[in-house]
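# A look at the structure
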Amino acid sequence: MERVSGPGYRLRFGSGAAGMERLEASLVGTAFAPHRHDTYAIGMTLRGVQTFRYRGELRHCLPGEWHVLHPDEVHDGAAGTDEGFGYRIVYLDPSLVQEALGGRPLPFVADPVVRPGGMPASLAACLADIDRPLEEAERLEIALLVADALERHSGTRAVRREPLALEALSRVRELIVADPAVRHSLAEFEAVSGLDRWTIARQFRAAYGTSPTRFRTMRQLDRARLLMAGGTPPGAAAQAAGFADQSHLTRMFKRAYGLTPARWTTALTARR
């Protein structure tokens, strides 16, 4: 991915999508001059103390805390200590957030610092590996996560949810289950369900407790586990389950189960 470095700073741009950009930044002994974006900027401090002046106040963002900056709001950025600081951030086009809100007004979060645990774990996961390409469905899911988080932290009154189209959603689910190695497009989900992509993204999680992307990943892992338990090498199991390669399987496996496929297979053999 693109890297930009200079005296006291380093920027690394990850994989993005339409209306969405991900970045990792480190600053030591330097600062960002006052500036403003035309996007939402949702980031998490990884190390050090991040300070910034925003809407007339000096703010501090510690490791594990998030910052929420709204479009067209002037801010700067500097380290609060000599050790510098680092963070990862996702920039979202307001029009993408608006689509996720389904026409409701854009919310405003008055306090730009959100404490650890105040943002969805799934949003943190999207910043954990910024180099991994985002699928079309993930782009919508991230937008929905951000929109929901903005409404929650703005205190916007919750609106009554639309009834779940369970029969239509079940057809999307069954399409994924039939062959999780296949990466279906959002257009295919729309065709099989008769729902638009935003409704699918909103309602699938409400109906099944997870996103279509995460649901497919877990079904891929189910297939890989079954194959490895039967003696298939991890590399071949990864290919059969639709992962990019063995290292991709390993990352997803460890994220889901806390063990690498090799350790899981060893433990399974030892139990037998």
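Check the entry above for the structure.
Described in the following lines is the structure provided in the data block. (Residues numbered from 1 in each chain as written. Predicted model: local features only at pLDDT ≥ 70, side-chain atom pairs only at ≥ 80, totals over all residues. Heavy atoms only, no water.)

Let us look at the pattern of salt bridges. One pass over the structure, following the stated rule, counts 20 salt bridges. We note a salt bridge from Glu65 to Arg115, for which the minimum N-O separation is 2.9 Å. In this pair, Glu65 is assigned in the loop between strand S7 (57-61) and strand S8 (66-69) and Arg115 in the loop between strand S11 (113-114) and helix H2 (121-128), connecting sequence segments 50 residues apart. Judged by relative accessible area, Glu65 falls into the buried class, the value being 7%. A single salt-bridge network, built from bridges that share partners, covers Arg10, Arg12, Glu24, Arg88 and Asp131. (Salt bridge = Lys/Arg side-chain N within 4 Å of Asp/Glu carboxyl O. Helix = DSSP H or I, 4+ residues; strand = E, 2+ residues; numbered from the N terminus. Buried < 20%, exposed > 50% of the residue type's maximum accessible area, 1.4 Å probe, protein only.)

Here we take up the packing of helix H4 (residues 166-178) against helix H6 (residues 197-208). Between H4 and H6, the least distance of the axes is 10 Å, while the angle of their chain directions is 85 degrees. Taken together, the axes of H4 and H6 lie roughly perpendicular to each other. For the pair formed by H4 and H6, the contact residues are Leu166, Leu169, Ser170, Val172, Arg173 and Ile176 on the first element and Ile200, Gln203, Phe204, Ala207 and Tyr208 on the second. Classifying every residue of the contact of H4 with H6 by side-chain character gives eight nonpolar, two polar and one charged. (Axes fitted to C-alpha atoms, helices over the stretch in contact; angles between N-to-C directions. Parallel < 35°, antiparallel > 145°, perpendicular 65-115°, else oblique. Contact = heavy atoms within 4.5 Å. Nonpolar A, V, L, I, M, F, W, Y, C, P; charged D, E, K, R; others polar.)

Bringing the layout of surface pockets into the picture now. Of the volumes computed, that of the largest pocket is approximately 650 Å³. If you go around the largest pocket, you meet 29 residues; those closest to its centre are Arg132, Glu138, Thr213, Thr217 and Arg255. Looking at the lining of the largest pocket, the elements that each hand over two or more residues are H2, helix H3 (136-154), helix H7 (212-229) and helix H9 (246-257). Ranked by residues supplied to the lining of the largest pocket, first place goes to H7 with five residues. Grouping the constituent residues of the lining of the largest pocket by class yields ten nonpolar, nine polar and ten charged. (1 Å grid on protein atoms, 1.4 Å probe; cavity = no way out; pocket = protein on both sides within 12 Å on 5 of 7 lines; lining within 4 Å. Points joined across faces, edges and corners; volume = space filled by probe spheres on them.)

Moving on to H4. Along an α-helix, a turn takes 3.6 residues, which lines up residues three or four apart on a common side. Between its terminal C-alpha atoms H4 stretches 18 Å, which fits the 18 Å expected from 13 residues at 1.5 Å a residue. Buried residues of H4: Ala168, Leu169, Val172 and Ile176, and no others. One face of H4 carries all of its buried residues, which in axial projection span an arc of 100 degrees. For H4, the exposed residues lying more than 90 degrees away from the buried face are Glu167, Glu174 and Ala178. Of the surrounding secondary structure, the elements contacted by the buried residues of H4 are helix H5 (186-193), H6 and H7. (Expected span 1.5 Å × (residues − 1). Arc of directions from axis to C-beta.)

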